[in-house]
Amino acid sequence: MKFCITGVNHRTAPVEVRERLAFDASNLSEALHSLKRRSGVLEGMILSTCNRVEIAVATDDSTEPGGCADEFLAENRQVPRDWVAPYLYRYADQEAIRHLFRVAASLDSMIVGEPQILGQLKAAWALAREQGAVSGFLDTLLTRAFNVAKRVRTETEIGSSAVSVSFAAVELAREIFGNLRGTAVMVVGGGKMAESAARHLRRCGASRIAVTNRTMARAAEMARQFDGEVVEYTQLTAALPQMDIVISSSGAAHYILTREQMKKVAAARKNRPVFLIDIAVPRNIDPEVNDLENVFLYDIDDLQRVVDSNVEGRQKVAEEAELIIQEEVERMVSRLRAREVAPTIVGLQEQLEAMRAAEVARMRSRFGPLTPQQEEALEQLTRSLINKIAHGPISELRRNAAEPDGEQLLAAVRRVFRLGA
């Protein structure tokens, strides 16, 4: 089996690339079926968030998993392979395991230590299992990744030093306005990011919070939590002239605020500035809005500046977490390689036992019936000899399973003892 992870993230691709590659929740199930149907693909999973799109693929030995992922991504997202290629990264086998563990532990996130990625990874795993795209190998790997993430959070202070994306967005708003007291805020979307943003805004003194969402029940639920008000989704643009800050994280697949709409909003505000933070991928707000006078638009990539200012303080904690990751990767690789040698060990034992039984039967035919004591002695003698012969190769196979030359030793043992493929 071969395993690789291919993808883009906030470091390798700008938001305009990530949004073209992002998978909508409504078509993710069909995408998983399409991935699993590709020739040679044994298992697959798709992780699509605002900051990353990753395809994890396990294939048979005759298939190149990276090529499968490239073709699938280009065809499913309808983008030319040569267009997306410069933004892609790829990790294979042991390095893919390391990457998966780092993603789960939030070491590869824009905000190191943020907890949201673990929930997103679990959701991707659950959907892939539900659709039959994940089974033995990836199931084992992901289950371990979740345990690794838990260990990192338990044994380090990575969670306490984390800054969420929504918190970073609010910090950016505070930089622009100086003080958020008395500001009116519109939160568009009912997801975790939007909910978290509303919590931070209320804590920072925003006097009025309005919530809108395509699902009114969800908007009402959020509004109750933060003593806010509900605005009907169809009335969004009508309510905007009264808003100083708009934080948008809707799951819409198209722009919900265009340049023309915001031009009218700006005119109605009579030159009072309006601050827009678009933390959705795909983006909710047309980037051309930024050209308007007194309209300030920031997208999720702009949050990197806020994040960078906190990197130094989290560096020591991240280093501690990396040591845990290294230990867990080595342990996982050892387990997987031990699983690889198990069929060879069983095959060797079965072949030697068959040879022993055949020789014992031949000896019986030559010497005739044996007494029970002779039978027992013959069995003990021959089994002891076989165990001694097998002991050396089996011990070496187990001891060297996780070593770099483990595969060569495995091949040599199979060749020497003429074990089948």
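Throughout, residues of each chain are indexed from 1 in the direction in which the sequence is written. Predicted model: local features are reported for residues with pLDDT of at least 70 only, side-chain atom pairs are reported and counted for 80 or more only, and whole-chain, interface and lining totals are derived from all residues. Heavy atoms from the whole structure form the basis of all side-chain values; hydrogens and water molecules are not counted.

J.: I'm lost on unusual backbone geometry in this one. Help?
T.: Trans is the prevailing form of peptide bonds, just as negative phi is the prevailing case for residues other than glycine. With an omega of 0°, the peptide bond running from V281 to P282 counts as cis. Mapped onto the elements, P282 comes out in the loop between strand 9 (274-278) and strand 10 (295-299). The backbone of S106 sits at a positive phi, close to 70°, despite the residue not being glycine. Comment: elements are numbered from the N terminus, with helices defined as DSSP H or I runs of at least four residues and strands as E runs of at least two. One can find S106 in the loop between helix 5 (93-104) and helix 6 (116-130).

J.: I keep staring at helix 7 (residues 136-155) and nothing clicks. Help me out?
T.: Note that an α-helix has 3.6 residues per turn; residues three or four places apart therefore point the same way. The span expected for a helix works out to 1.5 Å for each residue beyond the first. In this model helix 7 runs 29 Å from its N-terminal to its C-terminal C-alpha over 20 residues, within 8% of the 28 Å that 1.5 Å per residue would give. Only protein chains enter the calculation, and the probe is 1.4 Å; a residue is then buried if its accessible area is under 20% of its type maximum, exposed if over 50%, and partly exposed in between. Among the residues making up helix 7, those that are buried are F137, L138, D139, L141, L142, R144, A145, F146, V148, A149, R151 and V152.

J.: What should I look at first to understand helix 6 in this one?
T.: For helix 6, built from 15 residues, the straight-helix expectation of 21 Å at 1.5 Å per residue is met to within 8% by its first-to-last C-alpha distance of 21 Å. Whether two residues touch is decided by their heavy atoms; if any such pair falls within 4.5 Å, the residues are in contact. The secondary structure elements touched by the buried residues of helix 6 are helix 2 (28-36), strand 2 (41-48), strand 3 (52-59), helix 5 and helix 7. Just beyond helix 6, the residue with positive phi is G132, at close to 75°.

J.: I keep staring at the environment of V230 and nothing clicks. Help me out?
T.: By the secondary structure assignment, V230 is in strand 7 (residues 229-230). Beyond its immediate chain neighbours, meaning those up to four positions away, V230 contacts V211, M216, A219, A220 and A223.

J.: Explain the packing of helix 8 (residues 165-177) against helix 9 (residues 192-203) here, please?
T.: Two packed helices can be described by the angle between their axes and the distance between those axes. Close contact between helix 8 and helix 9 brings their axes to 8 Å; oriented N to C, the two are set at 45°. Relative to helix 9, the element helix 8 is oriented oblique. Between helix 8 and helix 9 lies a crossing whose hand is right-handed. From helix 8, V165, S166, F167 and V170 reach across to helix 9, where they touch M193, S196, A197, H200 and L201. Polar here means any residue outside two lists: the nonpolar Ala, Val, Leu, Ile, Met, Phe, Trp, Tyr, Cys and Pro, and the charged Asp, Glu, Lys and Arg; Gly therefore counts as polar. By residue class, the composition of the contact of helix 8 with helix 9 is six nonpolar, three polar and no charged. Note on geometry: axes are lines fitted to C-alpha atoms, helical ones only across the stretch in contact, with angles between N-to-C directions running from 0 to 180 degrees. Geometric relationships in this document are graded by angle, where less than 35 degrees denotes roughly parallel, more than 145 denotes roughly antiparallel, 65 to 115 denotes roughly perpendicular, and other angles denote oblique. Crossing handedness follows the turn of the near helix against the far one: under a right angle anticlockwise gives a left-handed crossing, and clockwise gives a right-handed one.

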